[in-house]
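# Observations on chain architecture
Below are the chains, spelled out letter by letter.
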Amino acid sequence: MKNTFIGTPMERREDMRFLRGRGEYVDDLAPANLLHAAILRSSVAHGRLKSVDTSAALRIKGVRAVITAKDMPGGPPIVPMRLQPLPEFRPYEQPVIAHDKVRYVGEPIAVVLADSVAIAEDALEAIAVEIEELPAVADWTVASQNKSILFEATGTNRSLVFEARKGDADAAFAKAPYKRREFMSTGRHYGLTMEPRGVMAEWDDAKGHLTVSGAAKVPFFNRRILAKQIGLAEDQITMVENDVGGGYGARGEFYPEDFLIPFAARHVNRPVKWIEDRRENLMAMNHAREEEAILEVACTRDGTILAIRGENLASLAEPFAIEFEREPLRSAGCGAVAKGEGLPGLRAAHFSRISVATGSGLLHMAMLPLSMPSTTSGAFHRQIDRLPRGLWPS
């Protein structure tokens, strides 16, 4: 049977609709009685939230409601980790809205609902917020000193250490004829989508049904989490995935706004829409990486690798990484090395991945394909590339 797909142009089903301007993005939706949401976000990286006074904002014509953590019975829910939800991470998971502390620049403090986006944004400036500033926890080096702790109940910013061992690495290094140490760091990168995120929610009080538009990539996971947070059965929620102007990995998570907007719609019993602007998008959508790795290799003079040891140091920025610790041993490069994959002479290995909570904001979404190779893997490949120069300098 001839395979006609190979070498045959395939017409995409959506092309004609987009070329004719008939795409439907979440911001194109405008049901009757719609309210527009704007979110007041923290400009302080770390501090105690002393008070939030919304009275002046509520007096502005066209403002219909201002929602804070006090409007949520039992306190605001947390955003759970989607993958690798280890119990050690639970004390570091973020609330959907600040209620006792702010832990990163951009954390939601209040949600204004108004007749237009302009009115809602003007009302943000009328909200009086008192924050007692605390020392910022900017990166893992500061965080690891535990002089300023983001979640005081834990007593530490170090959330977890993963280790993988094979044999006695220290002994192997002591006897090895040649050793080499490599340091590597990766900066942040970001999946800058053409279309910022958006959510629109409609609550049907008669039917007890919630419709959420703007879901992307993981609608079933988001529905499951939202149902638990908002107190509904999953079949009481319909998630609608509209056209999306760029997804990458960053859209595929449950963000605070994925609760706040449906909650707001049910709270006021009117449709509510929130569309982030670019500045907000850069603050409030996940970034990736920002890690450091130290890797040592011990080998014979003929280049046979005998032992490897090292550390992978990662900033688990608050809001706590929803998916960052996915397959953490693989992410650290630990698993493959501990098994000796591709290294027949390997006798010993010792790897640690140290995960530290920081307040640097919104790190570690999985942006394919750039996020898959870890910093440790990069350091290992650099070692392989440079070992011959040290062994045979001529």
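Residues numbered from 1 in each chain as written. Predicted model: local features only at pLDDT ≥ 70, side-chain atom pairs only at ≥ 80, totals over all residues. Heavy atoms only, no water.

## With respect to the overall build of the protein chain
- Along its length, the protein chain carries eleven helices and 15 strands.
- Per-residue burial over the protein chain gives 51% buried out of 394 residues.
- Restricting the contact set of the protein chain to residue pairs at least 6 apart, pairs at least 24 apart contribute 82%.
- Roughly 18700 Å² of accessible area belongs to the protein chain as shown, and the carbon and sulfur atoms make up 52% of that amount. (Helix = DSSP H or I, 4+ residues; strand = E, 2+ residues; numbered from the N terminus. Buried < 20%, exposed > 50% of the residue type's maximum accessible area, 1.4 Å probe, protein only. Contact = heavy atoms within 4.5 Å. Areas by Shrake-Rupley, 256 points an atom, 1.4 Å probe, with all protein chains shown as cover.)

## Brief notes about the packing of helix H6 (residues 219-230) against helix H7 (residues 257-268)
- Packing of H6 against H7 leaves a shortest axis separation of 10 Å and a crossing angle of 50 degrees. Viewed along their axes, H6 and H7 adopt a mutual orientation that is oblique. In the crossing of H6 with H7, the sense of the turn from one axis to the other is right-handed. Across from Asn-222, Leu-226, Gln-229 and Ile-230 in H6, the residues of H7 making contact are Asp-258, Phe-259, Pro-262, Phe-263 and Arg-266. (Axes fitted to C-alpha atoms, helices over the stretch in contact; angles between N-to-C directions. Parallel < 35°, antiparallel > 145°, perpendicular 65-115°, else oblique. Left-handed = near helix turned anticlockwise from the far one by under 90°.)

## What to know about empty space enclosed by the protein
- In total, this model carries four cavities of 30 Å³ or more according to the counting rule given.
- Forming the walls of the largest cavity are Arg-197, Gly-198, Val-199, Gly-214, Ala-215, Ala-216, Asn-222, Arg-251, Glu-253, Tyr-255 and Asp-258.
- When the residues that make up the lining of the largest cavity are grouped by side-chain class, the tally is four nonpolar, three polar and four charged.
- What lines the second largest cavity is simply Tyr-25, Val-26, Glu-195, Gly-198, Gly-214, Ala-215, Ala-216, Asn-242, Asp-243, Val-244 and Arg-251.
- Here the lining of the second largest cavity is composed, by residue class, of five nonpolar, three polar and three charged. (1 Å grid on protein atoms, 1.4 Å probe; cavity = no way out; pocket = protein on both sides within 12 Å on 5 of 7 lines; lining within 4 Å. Points joined across faces, edges and corners; volume = space filled by probe spheres on them. Nonpolar A, V, L, I, M, F, W, Y, C, P; charged D, E, K, R; others polar.)

## Focus on the layout of surface pockets
- By volume, the largest pocket is sized at about 500 Å³.
- In this structure, the largest pocket is lined by 22 residues; those nearest its centre are Ile-39, Leu-40, Arg-41, Leu-124 and Arg-279.
- Mapped by element, the contributors of at least two residues to the lining of the largest pocket are strand E1 (35-41), helix H3 (117-124), strand E6 (128-133), strand E12 (272-275) and helix H8 (278-284).
- Looking at which element gives the most residues to the lining of the largest pocket, the answer is E1, with five residues.
- Classifying every residue of the lining of the largest pocket gives 14 nonpolar, two polar and six charged.

## Looking at the pattern of salt bridges
- This model, assessed by the stated rule, comprises 23 salt bridges.
- Measuring nitrogen to oxygen at the nearest pair gives 3.1 Å for the salt bridge that ties Asp-27 to Lys-273. Of the two residues, Asp-27 sits in the loop between helix H1 (15-19) and E1 while Lys-273 sits in strand E12, which places them 246 residues apart along the sequence.
- A relative accessible area of 6% places Lys-273 in the buried class.
- Taking the shortest distance from any N to any O, the salt bridge between Glu-152 and Arg-48 comes out at 3.1 Å. (Salt bridge = Lys/Arg side-chain N within 4 Å of Asp/Glu carboxyl O.)

## Looking at the sheet that holds strand E9 (residues 198-204)
- Sheet architecture is open: seven strands sit in the order E3-E5-E1-E12-E9-E10-E11, paired in mixed fashion. Across the chains shown, the open sheet's two edge strands, defined by having one partner strand only, are strand E3 (63-67) and strand E11 (237-240). Here the average twist between neighbouring strands, direction ignored, is 20 degrees.
- Here strand E10 (residues 209-213) pairs with E11 via four bridges, running parallel. When the bridges of E11 are listed, Leu-210 appears paired with Ile-237.
- Here H3 sits on the sheet and contacts E1, E3 and strand E5 (108-114); the angle it forms with E1, its principal contact strand, is near 25 degrees.
- Each of E1, E3, E5, E9, E10 and E12 touches H7; the most contacted strand, E9, lies at about 30 degrees to it. (Pairing = 2+ DSSP bridges.)

## Re the sheet that holds strand E2 (residues 47-53)
- If you walk across this open sheet you meet the three strands as E4-E2-E6, and the pairing is antiparallel. Either end of the sheet is taken by a strand with one partner, and the two such strands are strand E4 (101-102) and E6.
- Alignment of E2 against E6, held across six bridges, turns out to be antiparallel. When the sheet's bridge partners are listed, Gly-47 is paired in E6 with Glu-133.

## Overview of unusual backbone geometry
- At Asn-146, a residue that is not glycine, the phi angle is positive and equals roughly 60 degrees.
- Looking at where Asn-146 falls in the secondary structure, it is placed in the loop between helix H4 (140-143) and strand E7 (158-166).
- Phi is positive for Lys-217, which is not a glycine, with a value near 75 degrees.
- Relative to the assigned elements, Lys-217 resides in the loop between E10 and H6.

## Here's the deal with the nonpolar core
- Met-72, Leu-113, Leu-210, Leu-226, Ile-237, Phe-259 and Val-272 are the most contacted members of the largest nonpolar core, which has 34 residues in total.
- Where this core is concerned, the elements lending two or more residues are E1, E3, E5, E9, E10, H6, H7 and E12.
- Take this core: its biggest share by element is six residues, from H7.
- Here Leu-113 is in contact with Leu-35, His-36, Ala-37, Gly-62, Val-63, Arg-64, Ala-65, Ile-67, Ala-264, Val-268 and Val-272, once residues within four sequence places are set aside.
- Ala-38, Leu-49, Ala-57 and Ile-127 belong to the second largest nonpolar core, which has 17 residues in total. (Core = buried A, V, L, I, M, F, W, Y, C linked by side-chain atoms within 4.5 Å.)

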